[in-house]
Amino acid sequence: MNGRAAGLFAAPPKSPARQLQHWPFVRIFDAMKYAPQLLAAGLLLAATAQAQTRLTIPPLSPTTRIHQNFSTSYIDLTYSRPSLRGRTAFGGVVPNGTVWRLGANTITKVRFGEEVKIGGQTVPAGAYALLAIPDAKEWTFVLNRDTAQWGTYEYKQVLDVVRVQAKPTKLAAPIETMGLTVENLRPASADLVLAWDRTQVALPITADPDRVVMAQIEQAMKGDKKPYVQAAQYYY
């Protein structure tokens, strides 16, 4: 086909108006025509959401707070309690060998009112994230400085304060809802006990109340109101 024939069958050139339709700002201008309708739809959805009654429903993993007097101060625990609901806890819901938040929802937190020792390692007074690495034969409890993390998604081992191993024991009957309790309380020792499903594991905690009380007595004896009676009762 010669050039003249090809020209007869070629598509006619686009008019300036048709070319203009393909410019980006023209497309934006066309979309702006629908802005009032879009705005009205958004306001309607927002008003509908606000008009709905907010329901109070039972949480699947309710939050629990424990304040336990211990030694010369206290142990505080804040955690959420998951339930089995037909599942297996360890090796199922909670994979073995991985860092676990020791509960549900946000990280489990523990606060010590005084210096304690865990696994023979000194832990200063303060708040910590409490985590665990479960396994069939041996658990690892972890105290971590980052108490703001949600779950263990941002867990950093470099912020660990203490890692302590503990042996789990098997329970005769399953426990539906996970529990953390402070058991075997004595003036200078206690056990933080986890029980869930058919597993129970304890984290021993010790303190030195003698050191704290002796320092109090020494300081108080310098004042005018000397605590003779209380000091004698403590000594004997």
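It should be emphasised that the depicted structure is a prediction, and the values quoted were computed from it without experimental measurement.

## Examining the environment of A195
The residue A195 is located in strand 10 (residues 189–206) in this model. Taking the C-alpha atoms as reference points, A195 and E176, separated by 19 residues in sequence, lie 9.5 Å from one another. Apart from the residues within four sequence positions on either side, A195 is in contact with L171, I175, T177, M178, G179 and Q200.

## Thoughts on the pairing of strand 3 (residues 108–112)
In strand 3, alternate side chains face the same way, and those of T108, V110 and F112 are buried while those of K109 and R111 on the opposite face are not. Here four bridges tie strand 2 (residues 73–80) to strand 3, and the two strands are oriented antiparallel to one another. Bridge pairing links D76 to R111 in strand 3. Of the pairings in the sheet, the one linking strand 3 to strand 6 (residues 126–133) comprises five bridges and is antiparallel in character. Looking at strand 6, one finds that T108 is bridged to L130.

## Some thoughts on the sheet that holds strand 5 (residues 121–123)
Read across the sheet, four strands follow the order 5-4-10-9 without closing on themselves; strand pairing throughout is antiparallel. A strand with exactly one partner marks an edge of an open sheet, and here the two such strands are strand 5 and strand 9 (169–186). For this sheet, the mean angle separating the axes of adjacent strands, direction not counted, is 35°. Looking at chain direction, strand 4 (residues 116–118) and strand 10 are connected through two bridges and run antiparallel. Its bridge partner being in strand 10, I118 is matched across the sheet by I205.

## Here's the deal with the pattern of salt bridges
Summed over the entire model, instances satisfying the criterion amount to four salt bridges. Close ionic contact of E138 with K167 constitutes a salt bridge, the shortest N to O distance being 3.8 Å. Of this pair, E138 sits in the loop between strand 6 and strand 7 (139–144) while K167 sits in the loop between strand 8 (160–166) and strand 9, and the two are 29 residues apart along the sequence. Of the charged contacts in the structure, one is a salt bridge between R163 and D160, with a shortest N-O distance of 2.9 Å. One network of salt bridges, with partners in common, ties together E115, D208 and R211.

## Structural notes on the packing of aromatic side chains
Counted under the stated rule, the structure contains seven aromatic pairs. Between F112 and Y128, the ring centres sit 6.4 Å apart and the planes meet at 45°, which makes this aromatic pair tilted. Taken as a pair, F112 in strand 3 and Y128 in strand 6 lie far apart in primary sequence, 16 residues in all. The exposure class of F112 is buried, given its relative accessible area of 3%. Among the residues examined, Y128 registers a relative accessible area of 7% and is labelled buried. Seen from their ring centres, W139 and F141 are 6.2 Å apart, and the 40° between their planes marks the pair as tilted. Under the relative-accessibility criterion, W139 is labelled buried at 1%.

## Some thoughts on unusual backbone geometry
Residue L102 is not a glycine yet carries a positive backbone phi of 60°. Inspection of the secondary structure puts L102 in the loop between strand 2 and strand 3. By relative accessible area, L102 is classed as buried at 0%. Phi at D197 takes a positive value of approximately 60°, unusual for a residue other than glycine.

Analysis parameters
Along each chain, residue indices are assigned from 1 in the same order as the chain's sequence is written. Local features in this predicted model are restricted to residues whose pLDDT is 70 or higher, and side-chain atom pairs enter the listing and the counts only when it is 80 or higher, whereas totals over whole chains, interfaces and linings include all residues. Only heavy atoms go into the side-chain values, all of them from the structure, while hydrogens and water stay out. Strands are runs of DSSP state E lasting at least 2 residues, helices are runs of H or I lasting at least 4, and numbering of each runs from the N terminus. The criterion used for residue contact is that any of the two residues' heavy atoms lie within 4.5 Å. Whether a residue is buried, partly exposed or exposed follows from its accessible area with a 1.4 Å probe, protein chains only, as a fraction of its type maximum: under 20%, in between, or over 50%, in that order. Strand pairing follows a simple DSSP-based rule, namely that at least 2 bridges must link the two strands. Between the N-to-C directions of two axes lies an angle of 0 to 180 degrees, each axis being a line fitted to C-alpha atoms and, for a helix, fitted only over the stretch in contact. For salt bridges, the criterion is a side-chain nitrogen of Lys or Arg within 4 Å of an Asp or Glu carboxyl oxygen. Ring pairs are drawn from Phe, Tyr and Trp, using the six-membered ring of Trp, whenever the two centres fall within 6.5 Å, and their geometry is named by plane angle: stacked under 30 degrees, edge-to-face over 60, tilted for the rest.

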